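# Report on the structure
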Amino acid sequence: MNTNVIFAVAKRDLRSWFGNPVGYIFILLFVGLGASALMVPMEFFTNNLANLDTLNGYFPYIAVLFVAAVTMGTWNSERANGTQELLFTLPTSDLNLLLGKFLASCGVYTLALLFLLTVPIRLSMLGSPDWGLMFANFLGYWSLGVMLVAITMLGSLLFNNLAVAFVIGLLLGALVLKSGDLLSIATGSPSWNLVGPEGQFGEFGRGMASLSGLLLFGGLTATFLFLNLVLLSRRHWQNGAEPSAHGA
């Protein structure tokens, strides 16, 4: 693993993202949707509590929508700019390229979460929030989002069209989010709801930064990154890239 290449690819993609006004618009929309999900429901006022409970109910859907938009151009932009062949012939491995792309998307998502911190800061002006609970909430937001990055990157890898890549990434992310519900229906056991991504995310929402939740999100992230790597290797070989360039 070559960290210099990984950070170089990540830096290049981050510069490309923040060199475009659309990137800032996406982040503002993400923060706006988060603030609306928190304060628009009447439960926020009837509960009379300075917490993120109403946001937690909607956040997984906001996150998958935003992350799919972030990752839809991960590989498409290379093909559109004609730099894909150059990237694949660099003297480095597919893993380094993939981790660089992954790190860049996670960086965009993390920055968006930092902007979302304005919401609990605003809550502190209205009441006395539990900052331990807030920390657990945001740890859940970040862990969930990183997992979704690994999942939705598949859309850009599989399809050249941005819109199609976005939709496929969105569907894959939603499918994994709802996997606990789907398994509960298939097996007839409601316990799968608790161990699935949404169930584990709910634990963070209640202020419990559980090891099981971190292991689930981390394991799914690693699994989908491996799937990305397999498909990436297969795709660039089909496109005629030099085998020697990515043998490491």
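Residues numbered from 1 in each chain as written. Predicted model: local features only at pLDDT ≥ 70, side-chain atom pairs only at ≥ 80, totals over all residues. Heavy atoms only, no water.

### Concerning the environment of Asn193
Inspection of the secondary structure puts Asn193 in helix H12 (residues 192–195). Asn193 has contacts with Gly180, Asp181, Ser184 and Gly199, leaving out every residue within four places of it along the chain. (Helix = DSSP H or I, 4+ residues; strand = E, 2+ residues; numbered from the N terminus. Contact = heavy atoms within 4.5 Å.)

### Some details on the packing of helix H4 (residues 53–71) against helix H7 (residues 94–116)
Packing of H4 against H7 leaves a shortest axis separation of 10 Å and a crossing angle of 135 degrees. If you check the angle between H4 and H7, you find them oblique. Between H4 and H7 the crossing geometry is right-handed. The segment H4 lies against H7, with Phe59, Ala63, Phe66, Val67, Val70 and Thr71 engaging Ser105, Val108, Tyr109, Ala112, Leu113 and Leu116. Each residue belonging to the contact of H4 with H7 can be placed in one class, and the counts come to 10 nonpolar, two polar and no charged. (Axes fitted to C-alpha atoms, helices over the stretch in contact; angles between N-to-C directions. Parallel < 35°, antiparallel > 145°, perpendicular 65-115°, else oblique. Left-handed = near helix turned anticlockwise from the far one by under 90°. Nonpolar A, V, L, I, M, F, W, Y, C, P; charged D, E, K, R; others polar.)

### Observations regarding helix H10 (residues 162–177)
Between its first and last C-alpha atoms H10 spans 22 Å; for 16 residues at 1.5 Å apiece the expected length is 22 Å, and the two agree. Every buried residue of H10 is listed here: Ala165, Gly169, Gly173, Val176 and Leu177. Buried residues in H10, looked at end-on, bunch into an arc of 105 degrees, giving them a common side. For H10, the side-chain oxygen to backbone nitrogen distance between the N-cap and Ala163 is 2.9 Å, and the N-cap itself is Asn161. (Expected span 1.5 Å × (residues − 1). Buried < 20%, exposed > 50% of the residue type's maximum accessible area, 1.4 Å probe, protein only. Arc of directions from axis to C-beta. Polar contact = N/O pair within 3.5 Å; in protein donor to acceptor, adjacent residues only side chain to side chain.)

### Remarks on the packing of H10 against helix H11 (residues 179–187)
For the pair H10 and H11, interaxial distance at closest approach is 4 Å and the crossing angle is 55 degrees. Viewed along their axes, H10 and H11 adopt a mutual orientation that is oblique. Residues Leu175, Val176 and Leu177 of H10 pack against Ser179, Gly180 and Leu182 of H11. Class assignment for the residues of the contact of H10 with H11 results in four nonpolar, two polar and no charged.

### Focus on the nonpolar core
Membership of the largest hydrophobic core comes to 54 residues, with the highest contact counts inside it found for Phe30, Phe59 and Tyr141. Once you skip the residues sitting within four places of it in the chain, Phe59 turns out to touch Phe30, Tyr109, Leu113, Leu116, Tyr141, Leu144 and Phe201. (Core = buried A, V, L, I, M, F, W, Y, C linked by side-chain atoms within 4.5 Å.)

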